[in-house]
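Listed here are the chains, written in short residue letters.
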Amino acid sequence: MDLTFDATEAQFRDELRDWLSTNGPGPEPEGEDEQYAWRRDWQRKLHDGGWAGVHWPVEYGGRGATMVESAIFYEELARSGHPLPANVLGLLLGGPTLMVWGTPEQKDRYLNPILSAEEIWCQGFSEPEAGSDFAAVKTRAVEQADGSFLVTGQKVWTSGAQYSKWCMLVARTDFDAAKHKGLTYFLMDMDQPEVQVRPLKQITGEAEFNELFIEDARIPAENVIGGVGNGWKVALTTLMNERAGLAFGLQVRLRVMLDELTEIAASSGQIEDPRVADTLGELHLRCEILRLTAYRGLTATMKYGQPGPEGSLTKWMWSETNQMLTQFAADVVGPEALTMGTKWSYELLRARGNTIEGGTTEILKNIVAERVLGLPKAR
Amino acid sequence: MNFDFTEDQQEIRATARDLLASRSTWERVRGHAEAGAQDEALYTELGGLGWPGIAVAEEHGGQGLGMVEFVILLEALGEACAAVPLRGTALAALFVEHAGSPGQQAQWLPGLASGELRGALGTWADGVGELVPDAVGADIVVLLDTDGGASLVPAADASIEPVASIDPTRRYARVSVAEGGGVELLTSDTSEALRRAEVGVAAGLVGVSQRALDMTVAFVKERKQFGVPIGSFQAVGHKAAQMLFDTEGARSATLFGAWAADADTDQLPLGAAMAKAAASAGGRTTTAAAIQLHGGIGFTWEADLHWLYKRAQLDAVFLGGPATHRARISALSAERVVAATR
Ligand SMILES: Cc1cc2nc3c(=O)[nH]c(=O)nc-3n(C[C@H](O)[C@H](O)[C@H](O)COP(=O)(O)OP(=O)(O)OC[C@H]3O[C@@H](n4cnc5c(N)ncnc54)[C@H](O)[C@@H]3O)c2cc1C
């Protein structure tokens, strides 16, 4: 057991810290579109510095970092206060899915523009009637004589669709097959009039996510990923990457916010109130346990190819802790925390989404009960 | 970065768990607890294997291994709910080793490390230690003051009156200095020993939680109501998932505390407080959930869950309950944050 970074890892961290301290995205502009463009520029900078696809293999233009280095990357990025790169779904989900399932031509064509943020990717899985039960998607893709597909349907909660060139789209191609079997995974070009993107205003007032109305959109045969009828398996690759990647950065973001709250509680004297101290203690405890548990999962993945039981707990831990923390800020920070336009009010509202996006906490608990504890399938 | 046991440690863990699974069955635990006795045969066997001295330096007759190995054994003992006074001996040895004089070390450590002498650790105020675990039959008792001082009381100088706590898998006593008896002060700083002891107690609680979880999972797969295994009800499955969450979280914190004791003592105060806070809270919630998910049978004497629940209750408050340790975490974190902003 060694909970320190070895010399190579420490060197990686120092080099990165150095780079992040002299390179940054500059001040954040006003306005959602402007902010997105700013994060896109930031990704270009990361790419030029060789830091965009840290965990991607060198053959695909990445840095080929180890899993620990990749964890360090997200930790340090969060610590620097700089934002995530704009094409986070492409980097974390789309690219890795293509690496597993894509043909050599697809990898050649798509991977590099993901890294450089030239082409942004979004994830078109959820539908109005298929959320947690995502295999129930109804969007239809009908094969044409020339082998291409015509797609019709509706997607919802599609984050970043308004900026995207490509959509990881799961649609039904076989209407007679069993639910999980009739699905196909496509890369859909968002630049066509048959795809309408309507922003959905969310709890924070902004519109990170959208509805997609798709009517007879055309997808060429070469944009099928992993084969027709194999969409469920390909989608699982995407979803697994979703759960694995971000924990380290999120954990550091929590730590940074918590230290800020601690500083406020200490300088205002509120920490003398045992109730405040108790909650702070609990939050620091959870935050550290999250970090440690994430590293346990990482070690298990490196040694055994998959995380142990603890691996399925980190997203659940993080989302609950973030909600607890941002709620606590309303007590400690005071009126500012409930005033529109402040960081704390934004975090308080945004945190509600954490236990929904990427699999709700209830679904995660089902997964733990069934796959980790081996209980019979829930009813 | 490698957050896993070494091969040797895995081996120690597997051997310890196998041994206890065969030696400390519920039948044996129940038998001893009901008789108000400890499992002397098992204690002797474990002494022979060097368990009490696993973390004691070789020069003092121990095995010279670290806190990680120490918590592996204490977790296994908690998991088995073993009715042996081994923890008391091992915790007393921590204090003699880390805070005792060379004379005290020479006098006590070899005997404690081999299990031939028995020790106990407790807290006292105004000259009385209430509910000191493993004190009955101990050769020496280490008693902690509220201000961090520690005294060593040889049994010959002590008055040790057995007290029936709700947990009969350990023997508890009220300890004071007998008339004309003497007390030796441990002269060095006791905080490092105490931090290690907290981590050790936490490890036992992690074991208790793990056992409660395992018994519950096995039960809810078997027990049927409404024509189906109750484990297929989400209210049941989610509660079991929460048990895993609490157990694994406490395990992460406890391993961190043990690692810090071995490799980075600057982080030991935080690690120990985290371990004890998480494992104490987790021990309480997991054992309570185990009873709930067993239904009426869980409330019976026969179901054996109550031994875990009772042990968790006593261990959760021993050396400070969850709130005490959360307060320490809070204070340590505030110190770190304020120092960084200065
Ligand atoms: C901020 C945000 C961003 C998102 N971005 C994307 C995106 O980019 N692409 C995309 O495809 N999707 C995205 N989503 C959608 C997200 O994946 C879904 O919202 C989520 O999977 C839940 O589906 P649902 O909204 O249909 O809720 P439902 O599935 O209807 O769930 C409603 C409630 O019922 C509970 N529930 C449902 N089924 C069960 C069950 N079997 N057992 C117990 N409880 C159950 C849920 O836990 C929840 O509490 C995003 C969501 C959010 C909040």
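Rules used throughout
- Residues numbered from 1 in each chain as written.
- Chains lettered and ligands numbered in written order.
- Predicted model: local features only at pLDDT ≥ 70, side-chain atom pairs only at ≥ 80, totals over all residues.
- Heavy atoms only, no water.
- Helix = DSSP H or I, 4+ residues; strand = E, 2+ residues; numbered from the N terminus.
- Expected span 1.5 Å × (residues − 1).
- Buried < 20%, exposed > 50% of the residue type's maximum accessible area, 1.4 Å probe, protein only.
- Contact = heavy atoms within 4.5 Å.
- Buried area = accessible area lost by both parts, 1.4 Å probe.
- Salt bridge = Lys/Arg side-chain N within 4 Å of Asp/Glu carboxyl O.
- Polar contact = N/O pair within 3.5 Å; in protein donor to acceptor, adjacent residues only side chain to side chain.
- Nonpolar A, V, L, I, M, F, W, Y, C, P; charged D, E, K, R; others polar.
- Near = heavy atom within 4 Å.
- Areas by Shrake-Rupley, 256 points an atom, 1.4 Å probe, with all protein chains shown as cover.
- Pairing = 2+ DSSP bridges.
- Axes fitted to C-alpha atoms, helices over the stretch in contact; angles between N-to-C directions.
- 1 Å grid on protein atoms, 1.4 Å probe; cavity = no way out; pocket = protein on both sides within 12 Å on 5 of 7 lines; lining within 4 Å.
- Points joined across faces, edges and corners; volume = space filled by probe spheres on them.
- Domains from an automatic or database assignment.
- Parallel < 35°, antiparallel > 145°, perpendicular 65-115°, else oblique.
- Phe/Tyr/Trp six-rings, centres within 6.5 Å; stacked < 30°, edge-to-face > 60°.
- Patch = residues over 30% accessible without salt bridge, like charges linked within 9 Å, V, L, I, M, F, W, Y side chains within 5 Å.
- Lys, Arg positive; Asp, Glu negative; His and termini not counted.
- Charge placed at Lys NZ, Arg CZ, Asp CG, Glu CD.

A. Structural detail: helix 9 (residues 268-294) of chain B. The terminal C-alpha atoms of helix 9 of chain B lie 38 Å apart, and with 27 residues this matches the ideal 39 Å at 1.5 Å per residue to within 8%. Here helix 9 of chain B lies mainly inside the structure; 19 of its 27 residues are buried.

B. Focus on the interface of chain A and chain B. In this complex, chain A contributes 51 residues to the contact, which on the side of chain B involves 47 residues. A buried area of about 4,400 Å², summed over both sides, lies between chain A and chain B, and 68% of it is on carbon and sulfur atoms. A per-residue breakdown of the area chain A buries against chain B is headed by A:M1, A:L3 and A:R296, which together make up 19% of the total. Run the count over chain A and chain B and you get 5 salt bridges. For A:E282, the salt bridge identified is with B:R326, shortest N-O distance 3.8 Å. Counting the contacts that link chain A with chain B gives 18 residue pairs in polar contact (both at pLDDT 80 or more). Per-element tally for the side of chain A that touches chain B: the top contributor is helix 8 (residues 274-304) of chain A, with 18 residues. The residue makeup of the side of chain A that touches chain B, split by class, is 25 nonpolar, 8 polar and 18 charged.

C. Quick peek at the site of the ligand. The full set close to the ligand counts 17 residues, and A:Q123, A:S132, A:W157, A:T360 and B:Q234 are the nearest of them. Among the chains of the assembly, those with residues near the ligand are chains A and B. In this structure, A:F125 approaches the ligand through a main-chain N or O atom, which is 3.1 Å from an oxygen atom. Surface burial for the ligand is 67%, taken as the share of its 960 Å² of free accessible area covered by protein chains. The greatest single-element share of the shell around the ligand, amounting to 3 residues, is contributed by helix 11 (residues 361-372) of chain A. When its residues are assigned to classes, the shell around the ligand shows 5 nonpolar, 9 polar and 3 charged.

D. Spotlight on the sheet that holds strand 2 (residues 128-133) of chain B. Residue and element names in this part refer to chain B. One open sheet accounts for 3 strands, arranged 2-6-5; its pairing is antiparallel. Bordering the open sheet on either side are strand 2 and strand 5 (158-163), each of which pairs with just one other strand. Each strand axis lies, on average, 25 degrees off the axis of its neighbour in the sheet, ignoring direction. With 4 bridges connecting them, strand 2 and strand 6 (residues 172-177) associate as antiparallel partners. In the sheet register, V132 faces strand 6, and the bridge partner there is A173.

E. Focus on empty space enclosed by the protein. Residues and elements named next belong to chain B. One pass over the full model with this rule turns up 5 cavities of 30 Å³ or more. Looking at the largest cavity, its volume works out to about 90 Å³. Forming the boundary of the largest cavity are L74, L77, G78, A82, V84, L86, R87, R170, G200, G204, R311 and D315. Contributions of two or more residues to the lining of the largest cavity are made by helix 4 (67-80), helix 5 (86-99), helix 7 (191-222) and helix 10 (305-317). The element best represented in the lining of the largest cavity is helix 4, accounting for 3 residues. Here the lining of the largest cavity is built from residues that sort into 5 nonpolar, 3 polar and 4 charged. Empty space within the second largest cavity amounts to approximately 40 Å³.

F. Geometry of the domain arrangement of chain A. Residue and element names in this part refer to chain A. The domains assigned to chain A are domain 1 (7-86), domain 2 (121-234) and domain 3 (246-372). Relative to domain 3, the C-alpha centre of domain 1 lies at a distance of 22 Å. Taken together, the contacts link 8 residues of domain 1 with 10 residues of domain 3. Roughly 850 Å² is buried in total at the junction of domain 1 and domain 3, and carbon and sulfur atoms are behind 80% of that figure. Our enumeration of links across domain 1 and domain 3 arrives at 0 salt bridges. Our count for the contact surface shared by domain 1 and domain 3 stands at 2 residue pairs in polar contact (both at pLDDT 80 or more). Here the side of domain 1 that touches domain 3 is built from residues that sort into 6 nonpolar, no polar and 2 charged.

G. Just the layout of surface pockets, in detail. Estimated volume of the second largest pocket: approximately 720 Å³. If you go around the second largest pocket, you meet 27 residues; those closest to its centre are A:E288, A:R291, B:F256, B:Q267 and B:L270. With 5 residues, helix 8 of chain A is the largest single contributor of residues to the lining of the second largest pocket. Here the lining of the second largest pocket is built from residues that sort into 11 nonpolar, 5 polar and 11 charged.

H. Looking closely at the packing of helix 8 of chain A against helix 9 of chain B. Helix 9 of chain B packs onto helix 8 of chain A with a crossing angle of 95 degrees between their chain directions and a minimal axis gap of 11 Å. Between helix 8 of chain A and helix 9 of chain B, the interaxial angle falls into the category roughly perpendicular. The residues of helix 9 of chain B that touch helix 8 of chain A, namely those facing A:L285, A:E288, A:I289 and A:L292, are B:M274, B:A277 and B:A278. Its residues placed into classes, the contact of helix 8 of chain A with helix 9 of chain B shows 6 nonpolar, no polar and 1 charged.

I. Geometry of the sheet that holds strand 1 (residues 119-123) of chain B. Residues and elements named next belong to chain B. With mixed pairing, 4 strands are arranged side by side in an open sheet as 1-3-4-7. Edge positions in the sheet fall to strand 1 and strand 7 (184-185), since each has one partner strand and no second. With 5 bridges connecting them, strand 3 (residues 140-144) and strand 4 (residues 150-154) associate as antiparallel partners. Within strand 4, the position partnered with L143 by the bridge is S151. In this fold helix 5 packs onto strand 1, strand 3 and strand 4, with an angle of close to 75 degrees to the strand it touches most, strand 1.

J. Structural view of the packing of aromatic side chains. Tallied over the full model, the rule gives 18 aromatic pairs over all chains. With a centroid separation of 6.3 Å and 20 degrees between ring planes, the pair formed by B:F256 and B:W259 is classed as stacked. Of the two residues, B:F256 and B:W259 are both situated in helix 8 (residues 234-263); the distance of 3 residues between them amounts to about one turn of the helix. According to the relative accessible area criterion, B:W259 is buried, its value standing at 4%. One aromatic cluster is present, formed by A:F12, A:W19, A:W42 and A:W51 through successive ring pairs.

K. Looking closely at a negative patch on the surface. There is a patch of like negative charges on the surface, built from A:E28, A:E30, A:E32, A:D33 and A:E34. For A:E32, the location among the structural elements is in helix 2 (residues 32-48).

L. Inspection of the environment of A:E310 at higher detail. By the secondary structure assignment, A:E310 is in the loop between helix 8 and helix 9 (314-332). Classification of A:E310 by relative accessible area gives buried; the value is 5%. The sequence separation of A:E310 and A:G24 amounts to 286 residues, and the corresponding C-alpha distance is 34 Å. Residues in contact with A:E310, not counting those within four places in the same chain, are A:T293, A:R296, A:G297, A:A300 and B:E248.

M. Quick look at unusual backbone geometry. Positive phi, close to 55 degrees, is recorded for A:D216, a residue that is not glycine. Classification of A:D216 by relative accessible area gives partly exposed; the value is 44%. Backbone geometry places B:L319, a non-glycine residue, at a positive phi of 60 degrees. Topologically, B:L319 is positioned in the loop between helix 10 and helix 11 (322-341). A relative accessible area of 12% places B:L319 in the buried class.

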